[in-house]
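# Close look at the chain arrangement
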Amino acid sequence: LSLLNFTMQRGARSDSNLATVQAVTQAVAQAIRDQNGKQFAHALRLDLGNLTLLTQLSSGRLNLQTICGAALEEPYDEMLLEHFEFLRATHRGEALEAYSHCERACSCFQAVFEKDTSWSLPVLHALNLSLRLAAIKADRALAAKGEKESKQQEAARVLQRAFQYTITDRSALPSSKKWGSLGVINTLFKIYFSINNLRLCQNLIRAVEGPAFPKALDGQVVEGRKFAVADLVTYKYFVGRLSLLNSQFARAERELAYAFDHCPKRSFKNKRLVLRYLVPVRMALGVFAASRLLKKYNLEYWAPICKAVHKGDIAAFEGELSQHQQLFIRHGSYLLVERSKMIAYRNFFRRVHDLQREKTTRLDIKVFKRCLNKVGVEMDTDEIECVLANLIYSGYIKGYISHQHGKLVVSKGTAFPPLRDIFAES
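Residues numbered from 1 in each chain as written. Predicted model: local features only at pLDDT ≥ 70, side-chain atom pairs only at ≥ 80, totals over all residues. Heavy atoms only, no water.

## Overview of the packing of aromatic side chains
Considering all chains together, one arrives at 19 aromatic pairs under this definition. Through a chain of ring-to-ring contacts, three or more aromatic side chains come together here, namely Phe189, Phe193, Tyr235, Tyr237, Phe238 and Tyr277. Sitting above the plane of the Tyr258 ring, Lys236 keeps its charged end 4.8 Å from the centroid. When the ring centre of Phe260 is taken as origin, the NZ or CZ atom of Lys271, which lies over that ring, is 4.1 Å away. (Phe/Tyr/Trp six-rings, centres within 6.5 Å; stacked < 30°, edge-to-face > 60°. Lys NZ or Arg CZ within 6 Å of the ring centre and 35° of its normal.)

Laid out in structure tokens, this is it:
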């Protein structure tokens with residue numbers, strides 16, 4: 001299972017038992033009678049890779065409404081009809097029409113899901129996946145026409161209803177729809193990140209952290225049930241990224257570390273994706289990735305940056321940041337990496353402090369200036385005082401600046417507190 005870059009290819013293998021519209025319809029009808037959600041979802045997932053079925057749909061010779069109506073009760077008949085129309089439009093490359101049919105299929109299913117038990121959760125997730133991917137294609141089609149991209153936002157509103165149906169379910173916990181809520185939340189996360197509307201993510205997190213939500217976010221078994229590892233890893237990944245944006249580095253490290261550690265080893269691409277953010281957040285906490293780990297996941301470009309921050313080599317850090325600027329912007333980690341420059345300054349000033357022969361608490365700012373000039377960093381006294389003031393304000397240095405005497409006065413105890421302690425307090 002691809003946890004973060006899940007595509008329709010998951011259902012692209014052929015199935016001779018679902019080669020026709022009639023066969024799919026009968027499979028869905030049987031699954032509903034048996035309340036077999038996995039079989040129901042299986043029928044909806046596989047047909048996108050079934051060329052025989054797609055050819056039959058494209059011929060236009062079938063009365064789909066009659067076939068669905070004869071085998072299924074409302075609103076399942078309309079749901080499957082819209083799903084078939086979605087497949088037909090997708091096969092023709094009509095992205096906007098395909099999205100409209102997919103949205104109606106989801107709405108029809110939600111009408112019965114709201115009142116049903118949790119057996120059909122796999123169907124909900126299958127339809128939600130189709131909706132998100134259809135919305136992405138529809139937005140691309142709109143962009144190609146020079147129109148505003150709006151389908152992912154519309155899809156989010158449909159998914160919000162599914163979220164409410166799962167999160168507010170009052171059934172007993174062993175049979176509750178709440179066990180499917182993380183899957184819906186993760187789909188919403190992906191859309192909100194895609195359309196850059198991250199403020200709405202906080203509402204989802206508050207619901208998960210509420211008292212009525214199952215306390216199983218670390219893989220615990222509660223009343224015989226637990227969340228799927230795929231859902232937990234994806235949820236932790238997105239919460240970790242959101243924590244980064246909110247400068248909650250300790251929490252970001254905790255969530256991303258869980259995602260990395262529990263992501264299956266075979267999911268190389270996903271583990272690498274998590275490391276893109278785990279490496280810089282740990283760097284901000286004073287923990288630097290091993291070179292062999294970076295090499296294993298093709299992230300060697302982090303090695304010289306980590307080394308520069310660790311040594312307090314400002315010139316080397318600025319050179320690496322400039323060289324990889326576009327890459328970091330594309331990954332959404334540029335501001336976090338740029339923030340690490342303050343840690344590089346902190347480590348530089350600490351080295352200068354440690355090199356003083358007399359362990360004084362009063363450090364001449366002119367000494368800092370000479371040391372910076374020696375390593376190729378040109379800064380005047382006012383600029384150095386400004387950097388020091390920011391370091392003191394952020395808690396990286398315990399002390400104060402005596403502007404009148406041109407001195408940095410540091411604490412007699414721990415003048416440069418461990419970075420992890422700073423962020424733990426914040």
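From this point on, the discussion continues.
## Here we look at unusual backbone geometry
Most peptide bonds take the trans form, and the phi angle of most residues other than glycine is negative. For the bond from Glu74 to Pro75, the omega torsion is -5°, close enough to zero to count as cis. Structurally, Pro75 can be placed in the loop between helix 4 (64–71) and helix 5 (76–92). You will see that Asn196, though not glycine, has its phi angle at about 60°, which is positive. With a relative accessible area of 63%, Asn196 lands in the exposed category. In this model, Glu223 sits at a positive phi of 50°, which is unusual for a non-glycine residue. (Helix = DSSP H or I, 4+ residues; strand = E, 2+ residues; numbered from the N terminus. Buried < 20%, exposed > 50% of the residue type's maximum accessible area, 1.4 Å probe, protein only.)

## A word on the sheet that holds strand 1 (residues 362–364)
With antiparallel pairing, the three strands of this open sheet are ordered in space as 1-3-2. On the outer flanks of this sheet lie strand 1 and strand 2 (399–402), each paired with one strand and no other. The sheet shows a mean angle of 25° between the axes of neighbouring strands, taken without regard to direction. Strand direction decides the pairing type here: strand 1 and strand 3 (residues 407–410), joined by three bridges, are antiparallel. What sits directly across from Leu363, in strand 3, is Leu408. Against the sheet, helix 20 (residues 381–394) engages strand 2 and strand 3, with an angle of about 155° to strand 2. (Pairing = 2+ DSSP bridges. Axes fitted to C-alpha atoms, helices over the stretch in contact; angles between N-to-C directions. Contact = heavy atoms within 4.5 Å.)

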